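Next come the chains, spelled out residue by residue.
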Amino acid sequence: MLMVKKQWQQHLQPTANKVSDLLKTPLFDAHVALGGKIVPFAGYELPVQYKDGALKEYTAVRDGEAGIFDITHMGQVRVEGVDALKFLQYVTTNDVSKLVDGQVQYSALLNEQGTFIDDITTYKINDEAYYLCINAANRLKDVTHLNAEAANFDVSVTDESDETTLLALQGAKAQAALQTIADFDLEAIGYYKFARGKIASAGGIISRTGYTGEDGFEIYIPNSIAVEVWDALLAQGAVPIGLAARDMLRTEMGYALYGHEISDAVTPVEAKLMWITKLAKGDFIGKQAVETRKEEGAQKRLIALKLTGRGIPREHYKVFVDGVESGEVTSGMHSPLAGGGVAVAYVKPEHVTDGTLTVEIRGKQIEAERTTTPFVRSNVRR
Amino acid sequence: MSVPTDLKFTKEHEWVRIEGDTATFGISDHAQEALGDLVFVELPEVGRNIDAGEAYGVIESVKAVSDVYAPVGGEVIEINETLESEADLVNSDAYGAGWIIKVKISDNNADTDLMNPEEYTEFLND
């Protein structure tokens, strides 16, 4: 009956099937020292939880503490050159021309079929310098794609992932804790804005972004100060948070995760991500395919649901409408705050608003109702 | 956590306490620790007959779904309904308040394949 680790191994990269192939972040020893239960995730050895367990970690972030997450597995790509804006307008879906210096934008990389290579965030440093944060599992694919497309532009694409440690500090106490080691005013950083400057003994980037629905920051620093920053934030009372609680926090917000809601099998039309896909901005990779899909109509669409019966709707569980199979759950959980099972699921377009919903759990149809995301209140600073 | 001496264990990390013809089932402290925070328990109906080794219920942690198997066969006579709202009792008190069901034993040689606490501890260390 012990299958805890199995749930996480599906995220392994094909190139990292053996333990010996897995990478460690500069904080690996710190995770082990804190009682972290280490599992393979996106090619890295990362803590799924620490000694007090995922629920306490989740509660710390939701109930006014500051949770600290090692998300160094995520990738960073610097894009520089006179064509940087033109290049990013062509390879990403969102309108990069709308960004001011110091602003962050949620966006995506599509292929010519209009389906997702990855979802990303774009940081504008200045007109000729941008910084992309990409998913760990997609890193090689993304960098190969960006390099191939960059050949037609006057830009350089530099993968800085191996030199960069990425931490997230999330929760009501995040700003006060982080301010003790940042040499610049964090209060001045608005939602989806960032600043660069001295952090602990070196330089880095701090953005007011995150994946939890709480106020907080993501912190990009060189590996050389990873342990120093981690220890300093723990000393400020930050609670270390593992992958399980991170997934609870993001699922409760309804935030998309590559490999679940989005993949190379869906376009932004299905994934409810047309808000980051700006068809009017000019040509970009995948635009034509997305326009066609929009005209023809999606074959499935994402909905949010809450079980009215008992149970936990989990990924790949089948969703039925009026007794007929309509789709499946992409992310689901037992939400402590919503007080039951919640999920996002793909269903046939005609079932987005109509018909009685049930989720099949171990052969039984459990009733559900449509709802909206986030499943619980968001405390991000608007 | 110390293991109560009146329990027997399966290789699937279930425990059973046999008192006369009644058996109480639960999962071991090692099992709850490995599964992590439990958030959901699905219990069988009272009156259901279950065979030794049969999956009689489901426990779910934050990330994992696991069947629980009957250490001995019998008829379900009581279920721990408190777990339906407080699954975490299995985490906090695996051998006490975290018991799962009670059965009336149907097999007289029920416990022959089970391990005593010393054998189970040794099994865990192997």
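Residues numbered from 1 in each chain as written. Chains lettered and ligands numbered in written order. Predicted model: local features only at pLDDT ≥ 70, side-chain atom pairs only at ≥ 80, totals over all residues. Heavy atoms only, no water.

## Thoughts on the packing of helix H3 (residues 54-62) of chain A against helix H8 (residues 243-253) of chain A
Residues and elements named next belong to chain A.
- Here H3 crosses H8 at 50°, and the two axes come no closer than 8 Å. Accordingly, the angle class assigned to the pair H3 and H8 is oblique. Our pair here, H3 against H8, has a crossing hand that is right-handed. Every residue of H8 that contacts H3 at Ala54, Leu55, Glu57, Tyr58, Val61 and Arg62 is listed here: Ala244, Ala245, Met248, Leu249, Glu252 and Met253.
- For the contact of H3 with H8, the per-class residue count stands at 9 nonpolar, no polar and 3 charged. (Axes fitted to C-alpha atoms, helices over the stretch in contact; angles between N-to-C directions. Helix = DSSP H or I, 4+ residues; strand = E, 2+ residues; numbered from the N terminus. Parallel < 35°, antiparallel > 145°, perpendicular 65-115°, else oblique. Left-handed = near helix turned anticlockwise from the far one by under 90°. Contact = heavy atoms within 4.5 Å. Nonpolar A, V, L, I, M, F, W, Y, C, P; charged D, E, K, R; others polar.)

## Section: empty space enclosed by the protein
All names here are of chain A.
- Under the definition given, this model contains 2 cavities of 30 Å³ or more.
- Forming the boundary of the second largest cavity are Leu46, Pro47, Tyr50, Phe69, Asp70, Ile71, Ile241, Gly242, Leu243 and Arg246.
- Among the secondary structure elements, those contributing two or more residues to the lining of the second largest cavity are strand S2 (44-49), strand S3 (67-70) and H8.
- Taken together, the residues of the lining of the second largest cavity sort by class into 7 nonpolar, 1 polar and 2 charged. (1 Å grid on protein atoms, 1.4 Å probe; cavity = no way out; pocket = protein on both sides within 12 Å on 5 of 7 lines; lining within 4 Å. Points joined across faces, edges and corners; volume = space filled by probe spheres on them.)

## Brief notes about the pattern of salt bridges
- Taken as a whole and assessed by the stated rule, the structure comprises 28 salt bridges over all chains.
- Across the salt bridge formed by aspartate 83 of chain A and lysine 86 of chain A, the nearest N and O atoms sit 3.9 Å from each other.
- Classification of lysine 86 of chain A by relative accessible area gives exposed; the value is 55%.
- When the shortest N-O distance is used, the salt bridge between arginine 139 of chain A and aspartate 159 of chain A registers 2.9 Å. Taken together, the positions of arginine 139 of chain A in helix H5 (residues 139-150) and aspartate 159 of chain A in strand S8 (residues 156-159) put the pair 20 residues apart, joining distant regions of the chain.
- Given a relative accessible area of 24%, aspartate 159 of chain A falls into the partly exposed group.
- Among the ionic contacts, a cluster of salt bridges with common partners joins Arg314, Arg362 and Lys364 of chain A together with Glu42 and Glu60 of chain B. (Salt bridge = Lys/Arg side-chain N within 4 Å of Asp/Glu carboxyl O. Buried < 20%, exposed > 50% of the residue type's maximum accessible area, 1.4 Å probe, protein only.)

## Remarks on the confidence of the model for chain B
- When the pLDDT values of chain B are averaged, the result is 92; 95% of them are 70 or greater.
- Scoring the predicted complex yields pTM 0.92 and, for the interface, ipTM 0.87. (pLDDT = per-residue confidence, 0-100.)

## Things to note about the sheet that holds strand S19 (residues 364-371) of chain A
- Taken together, the 6 strands give a closed barrel; going around it, the order is S14-S17-S16-S15-S18-S19 (chain A), and neighbouring strands pair in antiparallel fashion. Each adjacent strand pair in this sheet contributes to an overall mean axis angle of 45°, direction not counted. (Pairing = 2+ DSSP bridges.)

## A short note on unusual backbone geometry
All names here are of chain A.
- Of note, the bond from threonine 373 into proline 374 is cis; its omega dihedral lies within 30 degrees of zero at 0°.
- Locating proline 374 in the fold gives a position in the segment after S19.
- Its identity as a non-glycine residue notwithstanding, tyrosine 192 has a phi of 60°, on the positive side.
- Residue position: tyrosine 192 is located in the loop between helix H6 (174-179) and strand S10 (194-199).
- For aspartate 322, which is not glycine, the phi torsion reads 50° and is therefore positive.
- Take aspartate 322: it is sitting in the loop between strand S15 (318-321) and strand S16 (324-335).
- Aspartate 322 sits in the exposed class, given a relative accessible area of 53%.

## Thoughts on the pairing of strand S7 (residues 65-69) of chain B
Residues and elements named next belong to chain B.
- Bridge analysis of strand S6 (residues 55-61) against S7 gives 5 bridges, and the strand direction is antiparallel. By the bridge assignment, glycine 57 is partnered in S7 with valine 68.
- Between S6 and S7, which pair antiparallel and follow one another directly, the connecting turn spans 3 residues.

## Describing the layout of surface pockets
- Estimated volume of the second largest pocket: approximately 280 Å³.
- Lining the second largest pocket are 14 residues, with Lys51, Asp52 and Gly53 of chain A together with Asp37 and Asn91 of chain B sitting closest to its centre.
- Elements supplying a minimum of two residues to the lining of the second largest pocket: H3 of chain A together with helix H1 (29-35) and helix H2 (89-92) of chain B.
- For the lining of the second largest pocket, the residue count by class is 1 nonpolar, 6 polar and 7 charged.

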